[in-house]
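Remarks on the overall topology
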Amino acid sequence: LINEGTYPCRVGAVATWCHRLVRGLDEHDYHLVTVLDTPAQRVYPQLVNSPSLTTIPLTGRMVAPGRGQALLQHRRTATHAAVLLCRGMLDDSVHSEAMFRSALRRLAAIAADGTHPLIGVPLPAVLLDAWRAAGGPGPSGPAGGLPVAGRPPAAALPRPTLRDGQIAADLLEGALRALSVPVPAAETCHAVDGGLATLVALGAKWRAGVPFVLTEHDLYLHGPLMHRAGGRPAVRAVLLRFLRALTRLGYAEAAAIAPPSERMRRWALHHGASADLLRVVPPGVDPHDYPPLRDEPEEPAVVWVGPESELPMVLPAFAALRRAVPEARLIVIGPAPPGQRPDGVSFTGPVTARRALYGMGRLVAISGAHEAMPYPLIEAMLCGRATICTDNGGLAATVGVGALVVPPGDPARLAAACASVLTDQRLRHELAVAGRDRARTLFSLSAMLDGYRAVYAQAQTRQPAPDERLARTTGVAS
Amino acid sequence: MTAVGIFRWVVPAQRSHPVTAECVCDRIDDLAARARPACTDTVDVDEVAAVLEEAGITDQVAKQAYGQPELFALAGQVHKRLVGNPAPKRRAARPVRWDWAGLFRPELTLIRLVAALAIGAADWWLGPNVALPALVGVPLAELMVAWHQGHVRWGLSAYDTLAAWHRHLSAVGWAALTALVPPLLVGVALAGACRGMPADLPQAPAGLLHAAVGVLVAGGYGVLLLLAASRRVVVALALSALVAAGIALVAHYLPGTAQKPQLVVEVIAGGYLLGLVAVAHSVFDSRSYR
């Protein structure tokens, strides 16, 4: 199980998902691999079927392939591969995809002995050359560049500077370390991110012939690598294209693709994933952990869950709700922000168990952008609470008729929906029943585990062909 | 990027109205205008698609309200408008040409400590004639390093070709080298002037020699600082140790010799020259600045 800096070292939705999967599929033994940008310790308990953990640091000293002729040979091959890699990732054509694949295979071959694949390569210069060739502005002095004639503006990359080139090259060098890490012998790799986790899985497939399952939990645009661009548009553009090329290659090479939501499936199809390989496996929550809440509170209270950045939208919505339902209360799950609290609003502070809090309100409202796994929404639905959510990221398709959906960023609509649910007991009951049924059907842990059993079985039937494997541990690969 | 509050009116208001060919362009224009604050630094159409999606625009909305087959096609249209008609940029800040923050790097502080030790020792041994040139030279050396490093950093952020960057680096490097040569010339000239003086003027040659030492030490401070700023701390420390060892040898093996001050100046001048060679090697090397 390969992930990018989450399980078992950091707490979060993806880590929770991984933990439930590993604990649930106890007929499989897991070796955990995590790509870390900063050192971290295991925070999840070690399970019987996942005793070992490999961490891949993205920083630190690079391992060189020796000296003299070996180093020269490594540098020559790696430079050739780096040129292909940069040219391949900066363009979207089929030919470029082939170049990108070929480059990664070459790099995987020369990194098979654990050396850094790009050591000794003048990557900033290679990257800047590829950048210009891909449609960025031509060479220019310190006064700003001009768009290339004949190129549509959408294809133009932001104008890079040498500093951008250096930063992007450093980040790419760090990212490609993932290629040089040997994955322990396994029947199947499961990459739970589309970025660097896929890179590790690709290395295992090409070197050891291990098929891999791909589960993207979030768009490649939101990968951890993107956060390291430091607000530089040109660097972000390069990293984005690298991750996109990697994601597309992952789709092409994966034995099975199991996105957790319809939204991720749509993105995968848009980026060339084969519909035959795709199977949506929604995230699962154990219904026994969230049994139905029988009683409703006397006062008309709304429990709200969401990111703190949503509060400026939620508080005006609550003010509007108070005009319609004067005795309404708002219970915010999370810490209180600094500043004055409006009347009727209370904050729970950081929490670990949410079920009891859902019981404090007549309805649960959820808004704001979220990852592909809206756990609070599923939990509230399982608890039999009427839920209202905003339609961020196509959430409406996930909840179906199990929750009331309002447009995002619209306090008036949110307030109106809350008012109607708070004051209409029958509507609350209908929503609660529909939500619980839907959550038990689609988002139960057993459904998720069964889904992955089937996906793993599918992956086993798609072993890589012998010619897909790298023939040699060093040198040029096809 | 956040899409909160941008599309509040778009989805609900237009879902109910049929799309006509005339209004599609206007609607997309309008959507692009609304999306602009959330897409100020967008570099790719997929980013626009993600923003639209998080704002609640689905394939169905794209089809019904904007006449596009799907969300990604709508994102393409919006992106085209955003890129084709970029938002007016705020006036860019003037490039920083003085790297004051860089002066606080730990390696430079280390070199300063070494240089302070050298200046203090020379002052204690030879008297105030050494300290005076150093008091003038040290701030000038700090200014020179801030100027050089500032220009180097500015060049990294301004040029997009290695050839232009190397030209810039060469120009800045020659300027720094030129600034470091005069102390060596003045020090050597002062020491040379002492040789030509009559032997019956014992005080004047000693004063001149001490001033020569002061000028060379002040210039040497700049050399060491520039080496440290160019990631050559070890070289700078080795050079300091070499000169200190040379002076110790002179003091130990030639006690009471009349030529001793002259030899000390020559040792420092030799070390200075070596330092200039090391500086020339480092300031033109683009790998020194990452």
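Residues numbered from 1 in each chain as written. Chains lettered and ligands numbered in written order. Predicted model: local features only at pLDDT ≥ 70, side-chain atom pairs only at ≥ 80, totals over all residues. Heavy atoms only, no water.

So, about the sheet that holds strand β9 (residues 345-347) of chain A. All names here are of chain A. Judged by pairing direction, the sheet is parallel, and its six strands sit side by side in the order β9-β8-β7-β10-β11-β12 without closing on themselves. Of all the strands in the sheet, the pair left with one neighbour each is β9 and β12 (404-406). Between one strand and the next, the sheet's axes are offset by a mean angle of 25 degrees, whatever the strand orientation. Across four bridges, the pairing between strand β7 (residues 301-305) and strand β8 (residues 329-332) is parallel. Each bridged residue has a counterpart across the sheet, and for A301 the counterpart in β8 is R329. Strand contacts of helix α9 (residues 311-324): β7, β8, β9 and β11 (386-390), with the helix running at about 160 degrees to β8, the strand carrying the most contacts. (Pairing = 2+ DSSP bridges. Helix = DSSP H or I, 4+ residues; strand = E, 2+ residues; numbered from the N terminus. Axes fitted to C-alpha atoms, helices over the stretch in contact; angles between N-to-C directions. Contact = heavy atoms within 4.5 Å.)

Residues and elements named next belong to chain B. By the secondary structure assignment, V215 is in helix α9 (residues 203-229). Assessed through its relative accessible area of 18%, V215 is described here as buried. Sequence-wise, V215 and L190 are 25 residues apart; in three dimensions their C-alpha atoms are separated by 9.5 Å. Residues contacting V215, with those up to four places away along its chain left out, are P133, P183, V186, G187 and L190. (Buried < 20%, exposed > 50% of the residue type's maximum accessible area, 1.4 Å probe, protein only.)

Looking now at the environment of R97 of chain B. Residues and elements named next belong to chain B. Within the fold, R97 resides in the loop between α5 (71-84) and α6 (106-126). On the basis of relative accessible area, R97 is assigned to the partly exposed category, the value being 31%. Distance in space between the C-alpha atoms of R97 and G214 is 30 Å, their sequence separation being 117 residues. Here H151 takes part through its side chain, which lies 3.3 Å from a polar atom of the side chain of R97. (Polar contact = N/O pair within 3.5 Å; in protein donor to acceptor, adjacent residues only side chain to side chain.)

Take the packing of aromatic side chains next. All chains considered together, the criterion is met by eight aromatic pairs over all chains. Geometrically, the ring pair formed by W267 of chain A and F72 of chain B is edge-to-face, given 4.8 Å between the ring centres and 80 degrees between the ring planes. Placement of W267 of chain A in helix α8 (residues 262-270) and of F72 of chain B in helix α5 is noted, with the two residues assigned to different chains. Classification of F72 of chain B as buried rests on a relative accessible area of 7%. On the basis of an interplanar angle of 5 degrees and a centroid distance of 5.4 Å, the ring pair of W98 of chain B and W100 of chain B is categorised as stacked. W98 of chain B gets classed as partly exposed once you look at its relative accessible area, which sits at 36%. In this structure W100 of chain B comes out as partly exposed when scored by relative accessible area, which is 44%. The structure contains a cluster of three or more aromatic residues connected by ring pairs, namely W17, Y452 and Y456 of chain A. (Phe/Tyr/Trp six-rings, centres within 6.5 Å; stacked < 30°, edge-to-face > 60°.)

So, on to the pattern of salt bridges. Taken as a whole and judged by the stated rule, the model has 27 salt bridges over all chains. Between R265 of chain A and E262 of chain A there is a salt bridge, and its shortest N-O distance comes to 3.3 Å. Separated by three residues within a single helix, R265 of chain A and E262 of chain A lie in helix α8, roughly one turn from each other. We classify E262 of chain A as partly exposed; its relative accessible area is 40%. Within the structure, one salt-bridge network assembled from shared partners comprises D92, E97, R241, R244 and R248 of chain A together with D44 and D46 of chain B. (Salt bridge = Lys/Arg side-chain N within 4 Å of Asp/Glu carboxyl O.)

Turning to the state of the cysteines, a few remarks are in order. This model, assessed by the stated rule, comprises zero disulfides over all chains. The thiol of C189 of chain A is unpaired, and the distance to the nearest cysteine sulfur, on C18 of chain A, comes to 14 Å. (Disulfide = S-S within 2.5 Å.)

Residues and elements named next belong to chain A. Taking burial as the measure, the five residues of β11 include five buried ones, the bulk of the element. Side-chain alternation along β11 places A386, I388 and T390 on one buried face and T387 and C389 on a second face that is also buried. Direction of pairing for strand β10 (residues 363-366) relative to β11: parallel, over a ladder of four bridges. Bridging from a neighbouring strand, A365 pairs with I388 of β11. For β11 and β12, the ladder comprises three bridges, and the chain directions are parallel. Looking at the pairing, C389 lines up with V405 of β12.

Just geometry here; none of it tells us what the structure is for.
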